[in-house]
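# Residue-level structural notes
Given next are the chains, with one letter for each unit.
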2 protein chains.
Amino acid sequence: MPPRIVEVRQAVLKKNDLVARRLRRAFADAGVCVVSLVSSPGAGKTALLGETLRRLTPTRRVAALVGDLATDHDAVRLRASGAPVRQITTGTVCHLDAEMVERAAAGWDLGSLEFLFIENVGNLVCPSSYDLGEDLRVVLLSVTEGEDKPEKYPTIFATSDLAVITKMDLAAAAGYDDALARRSLADARPDLEVLRVSVRSGLGMADWFDRLNAARAEKRARIEV
Amino acid sequence: MPPRIVEVRQAVLKKNDLVARRLRRAFADAGVCVVSLVSSPGAGKTALLGETLRRLTPTRRVAALVGDLATDHDAVRLRASGAPVRQITTGTVCHLDAEMVERAAAGWDLGSLEFLFIENVGNLVCPSSYDLGEDLRVVLLSVTEGEDKPEKYPTIFATSDLAVITKMDLAAAAGYDDALARRSLADARPDLEVLRVSVRSGLGMADWFDRLNAARAEKRARIEV
């Protein structure tokens with residue numbers, strides 16, 4: 001990267017970290033568990049989030065922010081769950097930053113929420129450096145993408161807390177090799193937690209909800225200490 | 001985007017355009033047809049390029065440059081075709097730029113080549129603003145990614161000459177809707193050419209090679225005028 005861009009980007013990152021710290025404090029005060037989703041375009045973030053909202057809304061207070069360069073398709077699609085959803089359209093910007101999240105969440109009573117989901121722009125590179133104040137960063141990898149993505153895009157996997165392998169119903173048709181994927185994930189981050197799901201078949205979804213509930217319990221325990 | 005980043009990025013883009021113009025002149029002088037491939041991570045750039053090199057090398061003089069953040073997997077995989085292949089590893093940079101291409105191609109006798117392929121980093125956002133001096137920019141969209149990607153990532157589709165829909169062998173399993181995809185592609189660029197291929201089954205590959213040969217013929221006609 002040209003040296004001047006590196007310099008300016010570092011200043012921007014510092015500013016992002018300040019806003020992210022403020023957001024994290026606000027989320028902690030409100031007691032809301034914040035989960036961000038990041039992946040390639042089309043790895044299934046919106047499908048997983050849609051099913052998550054649909055299944056949680058009957059018993060949990062949840063909301064979502066969704067990022068895209070253009071269109072409000074995702075927000076419209078996700079509002080079918082009944083949960084409040086706001087679209088962040090970034091124009092030409094390739095990632096969400098903490099300020100966009102703060103602005104988009106303004107006016108929501110965070111204290112009334114148990115979960116807030118943040119779906120990033122589809123991009124395995126740029127979102128990795130932007131802290132959004134989340135408790136759990138989830139990176140998705142679909143079985144059709146190739147098992148070596150974690151090695152090729154190491155930063156986003158190394159900075160995530162949980163990897164979710166998606167579209168498991170297509171695993172056989174795509175010739176997906178789970179051992180290869182596991183090796184590649186461990187290469188990027190040896191202690192990275194891994195779940196396997198198919199939104200379509202329902203496979204692994206119970207583990208996903210267990211993991212979300214555990215994240216919320218951990219957060220409450222941290223706050224109460 | 002913060003105003004200072006926009007400002008610095010514009011200066012960088014201007015510089016990229018200067019280098020891209022120099023590259024385009026060098027490619028024209030050499031008479032080599034340059035084709036770049038861009039897509040989401042895992043849409044099948046390397047699979048398509050591998051098959052393309054494998055089928056062209058017996059009769060055509062071809063070479064390739066492949067970009068990734070990390071690893072030289074793609075270059076190693078592609079060299080099996082017998083074609084000269086160089087890996088560009090970008091570190092944390094989310095796209096190739098003209099200077100990286102110029103540096104990587106240095107020392108190659110371009111005049112001895114008929115085709116040079118450039119595989120970009122997997123990213124539907126950032127590569128769109130960087131001219132690489134190519135004759136044909138090809139954007140890939142796999143049937144498993146969701147038909148609305150062109151609307152969500154409009155710039156990369158609007159700046160491409162040809163869209164190739166990949167993994168057609170998975171279309172039925174993925175529930176791919178071709179009419180939806182066509183509508184979304186036309187939305188991003190009404191006159192965008194579209195091909196459908198499956199490297200695995202061979203579907204559409206003849207059209208792909210026809211299109212490559214046409215691009216080379218067009219270029220030669222332009223040079224000779």
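To start, this report covers the structure provided alongside it.

About the thresholds
Residues numbered from 1 in each chain as written. Chains lettered and ligands numbered in written order. Predicted model: local features only at pLDDT ≥ 70, side-chain atom pairs only at ≥ 80, totals over all residues. Heavy atoms only, no water. Helix = DSSP H or I, 4+ residues; strand = E, 2+ residues; numbered from the N terminus. Rg over C-alpha atoms; globule rule 2.2 N^0.38 Å. Buried < 20%, exposed > 50% of the residue type's maximum accessible area, 1.4 Å probe, protein only. Contact = heavy atoms within 4.5 Å. Buried area = accessible area lost by both parts, 1.4 Å probe. Salt bridge = Lys/Arg side-chain N within 4 Å of Asp/Glu carboxyl O. Polar contact = N/O pair within 3.5 Å; in protein donor to acceptor, adjacent residues only side chain to side chain. Nonpolar A, V, L, I, M, F, W, Y, C, P; charged D, E, K, R; others polar. Pairing = 2+ DSSP bridges. Axes fitted to C-alpha atoms, helices over the stretch in contact; angles between N-to-C directions. Core = buried A, V, L, I, M, F, W, Y, C linked by side-chain atoms within 4.5 Å. Least-squares fit on C-alpha atoms with pLDDT ≥ 70 in both.

## Examining the overall build of chain A
When helices and strands are counted, chain A shows 9 helices and 7 strands. Compactness check: chain A gives a C-alpha radius of gyration of 17 Å against a globular reference of 17 Å for 225 residues, within 12% of the reference. Each of the three principal axes of chain A carries a C-alpha extent, and together these read 50 × 45 × 40 Å. Taking all 225 residues of chain A together, the buried fraction comes to 56%. Considering only intrachain contacts with a sequence separation of at least 6, the fraction spanning at least 24 residues in chain A is 72%.

## Things to note about the environment of Met 100 of chain A
Along the chain, Met 100 of chain A turns up in helix α4 (residues 98-105). As for Met 100 of chain A and Thr 89 of chain A, which are separated by 11 residues in sequence, their C-alpha atoms are 9.4 Å apart.

## Description of the interface of chain B and chain A
Contacts between chain B and chain A engage 40 residues on the former and 40 residues on the latter. Both faces combined, the contact of chain B with chain A buries some 3,500 Å², and carbon together with sulfur accounts for 60% of it. When the buried area of chain B at its contact with chain A is split by residue, Pro 41, Lys 152 and Tyr 153 of chain B rank highest and sum to 17% of it. Applying the counting criterion to the chain B and chain A interface returns 2 salt bridges. The shortest N-O distance in the salt bridge between Lys 152 of chain A and Asp 74 of chain B comes to 2.6 Å. Linking chain B with chain A are 13 residue pairs in polar contact (both at pLDDT 80 or more). Those elements that place two or more of their residues in the side of chain B that touches chain A are α1 (3-30), α3 (73-79), α5 (149-152) and α7 (171-174) of chain B. Per-element accounting of the side of chain B that touches chain A gives the leading share, 5 residues, to α1 of chain B. Tallied by class, the residues present in the side of chain B that touches chain A amount to 19 nonpolar, 10 polar and 11 charged.

## Structural notes on the sheet that holds strand β3 (residues 85-89) of chain B
All names here are of chain B. Judged by pairing direction, the sheet is parallel, and its 7 strands sit side by side in the order β3-β2-β4-β1-β5-β6-β7 without closing on themselves. Both edges of this open sheet fall to β3 and β7 (193-196), since each of them pairs with a single strand only. Pairs of neighbouring strands in the sheet enclose a mean axial angle of 20°, with direction left out of account. Sheet analysis places strand β5 (residues 136-142) next to strand β6 (residues 162-166), joined by 5 bridges and oriented parallel. Bridged to Val 138 within β6 is Leu 162. On top of the sheet, helix α2 (residues 45-56) reaches β1 (33-38), β2 (62-68), β3, β4 (115-119), β5 and β6; it is set at about 165° to β4, its chief contact.

## Quick word on the sheet that holds strand β6 (residues 162-166) of chain A
All names here are of chain A. Strands sit in the order β3-β2-β4-β1-β5-β6-β7 across an open sheet of 7 strands; the sheet is parallel. Each of the sheet's edge strands pairs with one partner strand only, and the pair in question is β3 (85-89) and β7 (193-196). Taking each pair of neighbouring strands and ignoring which way they run, the sheet shows an average axis angle of 20°. Note that β6 and β7 share 4 bridges and pair parallel. Of the residues in β7, the one forming a bridge with Ala 163 is Val 194. The strands touched by α4 within the sheet are β2 (62-68), β3 and β4 (115-119), with β3 carrying the most contacts at an inclination of about 140°. Along the sheet face, helix α9 (residues 205-224) touches β1 (33-38), β4, β5 (136-142), β6 and β7 and points at about 135° away from the line of β1.

## Quick look at the nonpolar core
By size, the foremost hydrophobic cluster in this structure holds 48 residues, and its most contacted members are Phe 157 of chain A together with Phe 157 of chain B. Beyond its immediate stretch of four places on either side in the chain, Phe 157 of chain A contacts Leu 124, Val 139, Leu 141, Lys 149, Pro 150, Leu 185, Ala 188, Arg 189 and Leu 192 of chain A.

## Re the relation of the copies chain B and chain A
Both copies of the chain are related by a screw-like operation: a rotation about an axis and a shift along it. Mapping chain B onto chain A calls for a screw motion: a turn of 180° about the axis and a shift of 0.0 Å along it, with 0.0 Å RMSD after fitting. One copy is carried onto the other by what is essentially a two-fold rotation axis. Most of the interface of chain B is mirrored in chain A, where 100% of its interface residues again form contacts.

## What to know about the pairing of β4 of chain A
Residue and element names in this part refer to chain A. Summarising burial for β4: 5 of the 5 residues are buried, a large majority. In β4, alternate side chains face the same way, and those of Phe 115, Phe 117 and Glu 119 on one face and Leu 116 and Ile 118 on the other are all buried. Strand direction decides the pairing type here: β1 and β4, joined by 5 bridges, are parallel. Directly across from Cys 33, in β4, lies its bridge partner Phe 115. Relative to β4, β2 runs parallel, the two being bridged by 5 bridges. Counted as the bridge partner of Ala 63 is Leu 116 from β4.

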